[in-house]
Each structure stands twice: as structure tokens, then as C-alpha cells.
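What the coordinates show
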Amino acid sequence: MWQLPPIPPWNAIHPMIVHFPIVLLLIAPLFVLLGIPRGPWGRAFSAAGLVLLVLGTVSTLIVAEAGEAAAELVVRSDAINAVLHAHTELADITKVLAIVFTCIYIILLITRLILRDKLKPLLWTLLSVAFLLGYSTVLLALVNTGHDGGRLVHELGVLAQLPPEP
């Protein structure tokens with residue numbers, strides 16, 4: 001019979017949810033790019049990009065908290081401590097950058113709404129490209145955070161501490 005697996009406790013949920021911010025924040029720039037042209041499609045893609053950025057940013061906060069809870073249960077070694085420290089530092093940087101660039105995109109979209117016809121398409125394109133270039137720092141931090149997380153699991157054997165099944 002099909003049934004849902006048990007939901008792990010907070011300190012073991014990190015591996016289940018860690019891929020949400022990765023996917024959301026990696027796909028958001030595509031929608032920002034598709035939102036550059038004027039018209040209803042541009043507005044729709046911009047709105048979708050904003051939703052992805054907000055969801056990705058909020059999920060980084062949740063995943064980081066779950067990761068901190070999971071880190072308390074890790075059996076430590078010098079190698080694990082070094083990678084875990086780097087992973088945690090990068091996660092903090094990723095959170096801050098995601099918040100900053102989500103706020104910047106909100107400001108850009110509000111500006112676009114307020115200035116509507118006064119904002120030249122070339123200026124909007126340049127602002128969007130500048131945003132995407134800056135946003136690449138979020139992606140770089142995100143990918144490096146994920147890489148260190150992958151090293152913890154696949155290279156150093158750190159696993160989530162799951163409760164025994166009934």
C-alpha cells in the first residue's frame with residue numbers, strides 16, 4: 001500500500017529541502033531575462049521572476065536554519081569541521097546576497113511600474129542586465145555552498161540523523 005514516508009524531525013529535514021532554494025534561485029534569472037521586453041508577456045515573466053526570487057530567498061532562510069540544527073548532530077573531525085565551517089559561511093553569504101538582490105529587483109519593478117512610459121526600453125534593458133550581472137554573485141555563492149554541502153555528504157560521509165522507522 002502506498003503511504004507517505006514519515007516527516008523527519010527539524011534537525012534531519014535539511015537534506016529533504018536543501019534543493020528548493022538551489023532550483024528557485026538558479027531558474028529566477030531566466031524569468032528576469034524573459035521579463036525585459038515590454039508588454040504583457042514581459043510583465044508576466046518579471047512577476048514570475050520576482051516570485052521565484054522571493055520563494056528562493058525565503059527558502060534559503062529556512063534551509064539554513066534546518067542546516068544549523070542538523071550540524072549540531074554531526075560527528076566531527078578536523079576535515080568535517082573545516083568543510084562545515086566553509087559551508088556555513090557560504091550559506092550565510094548566500095542568504096544575505098539573496099535578500100539584497102531580491103530587494104533590488106523589487107525596487108527595479110516598482111520603478112518600472114511608476115515610470116511606465118517614461119522609462120526607455122534601452123535603459124530598462126541596461127538596468128536588467130546590470131541586475132543579472134550583480135545577481136551572478138548570488139549564483140556563485142549558492143553553487144559554492146552546494147558544492148561544500150555535497151563534499152560533506154559524498155566525500156566525508158556526513159548523513160542526516162534520521163529517527164528509527166516504526
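Residues numbered from 1 in each chain as written. Predicted model: local features only at pLDDT ≥ 70, side-chain atom pairs only at ≥ 80, totals over all residues. Heavy atoms only, no water.

**Points about the nonpolar core**
Core analysis: the biggest nonpolar cluster contains 19 residues, and Leu25, Val32, Leu53, Tyr105, Trp124, Phe131 and Tyr135 have the highest contact counts within it. In terms of residue count, helix α5 (residues 121-155) provides more of this core than any other element does, six residues in total. Not counting residues within four places of it along the chain, the set of residues in contact with Val32 comprises Leu53, Tyr105, Phe131 and Leu132. With seven residues, the next largest nonpolar core counts Val74, Val83, Leu84 and Val158 among its residues. (Core = buried A, V, L, I, M, F, W, Y, C linked by side-chain atoms within 4.5 Å. Buried < 20%, exposed > 50% of the residue type's maximum accessible area, 1.4 Å probe, protein only. Helix = DSSP H or I, 4+ residues; strand = E, 2+ residues; numbered from the N terminus. Contact = heavy atoms within 4.5 Å.)

**Looking at the layout of surface pockets**
There is about 810 Å³ of room inside the largest pocket. In terms of lining, the largest pocket is formed by 35 residues, of which the most central are His14, Val18, His87, Gly149 and Leu152. Within the residue set of the lining of the largest pocket, elements represented by two or more residues are α1 (14-17), α2 (19-34), α3 (40-71), α4 (78-115) and α5. With eight residues, the single largest contributor to the lining of the largest pocket is α5. A per-class count over the lining of the largest pocket returns 18 nonpolar, 14 polar and three charged. Reported here for the second largest pocket is a volume of approximately 310 Å³. Around the second largest pocket, the lining comprises 15 residues; the ones closest to its centre are Gly39, Arg43, Arg112, Leu113 and Arg116. Secondary structure elements with two or more residues in the lining of the second largest pocket: α3, α4 and α5. Here the lining of the second largest pocket is composed, by residue class, of seven nonpolar, two polar and six charged. (1 Å grid on protein atoms, 1.4 Å probe; cavity = no way out; pocket = protein on both sides within 12 Å on 5 of 7 lines; lining within 4 Å. Points joined across faces, edges and corners; volume = space filled by probe spheres on them. Nonpolar A, V, L, I, M, F, W, Y, C, P; charged D, E, K, R; others polar.)

**Thoughts on the pattern of salt bridges**
All told, the structure shown has two salt bridges when counted by the stated rule. Note that Lys95 and Asp92 form a salt bridge whose closest N and O atoms lie 3.4 Å from each other. Of the two residues, Lys95 and Asp92 are both situated in helix α4; the distance of three residues between them amounts to about one turn of the helix. The exposure class of Lys95 is buried, given its relative accessible area of 15%. Of the charged contacts in the structure, one is a salt bridge between Arg151 and Glu155, with a shortest N-O distance of 3.1 Å. A residue pair is termed a helical-turn pair when its members lie 3 or 4 positions apart in one helix, as Arg151 and Glu155 do in helix α5 at four residues. (Salt bridge = Lys/Arg side-chain N within 4 Å of Asp/Glu carboxyl O.)

**With respect to the environment of Leu123**
With respect to the helices and strands, Leu123 occurs in helix α5. Taking the C-alpha atoms as reference points, Leu123 and Met16, separated by 107 residues in sequence, lie 41 Å from one another.

**Quick notes on the side chain of Thr102**
Here Thr102 lies in helix α4. Dropping the residues within four chain positions of it, Thr102 is found in contact with Leu53, Val54 and Thr57.

**Some points on the confidence of the model for the protein**
Averaged over all residues, the pLDDT of the protein equals 92, while 97% of them reach at least 70. The least confident element of the protein, judged by mean pLDDT, is α1 at 91; the most confident is α2 at 97. (pLDDT = per-residue confidence, 0-100.)

**Re the packing of α2 against α5**
With their axes 10 Å apart at the nearest point, α2 and α5 run at an angle of 165 degrees to one another. As far as their axial angle goes, α5 and α2 are roughly antiparallel. Of the two possible hands of crossing, α2 and α5 adopt the one that is left-handed. Listed contacts from α5 to Pro21, Ile22, Leu25, Leu26, Ala28, Pro29, Val32 and Leu33 of α2 are Phe131, Leu132, Tyr135, Leu139, Leu142 and Val143. (Axes fitted to C-alpha atoms, helices over the stretch in contact; angles between N-to-C directions. Parallel < 35°, antiparallel > 145°, perpendicular 65-115°, else oblique. Left-handed = near helix turned anticlockwise from the far one by under 90°.)

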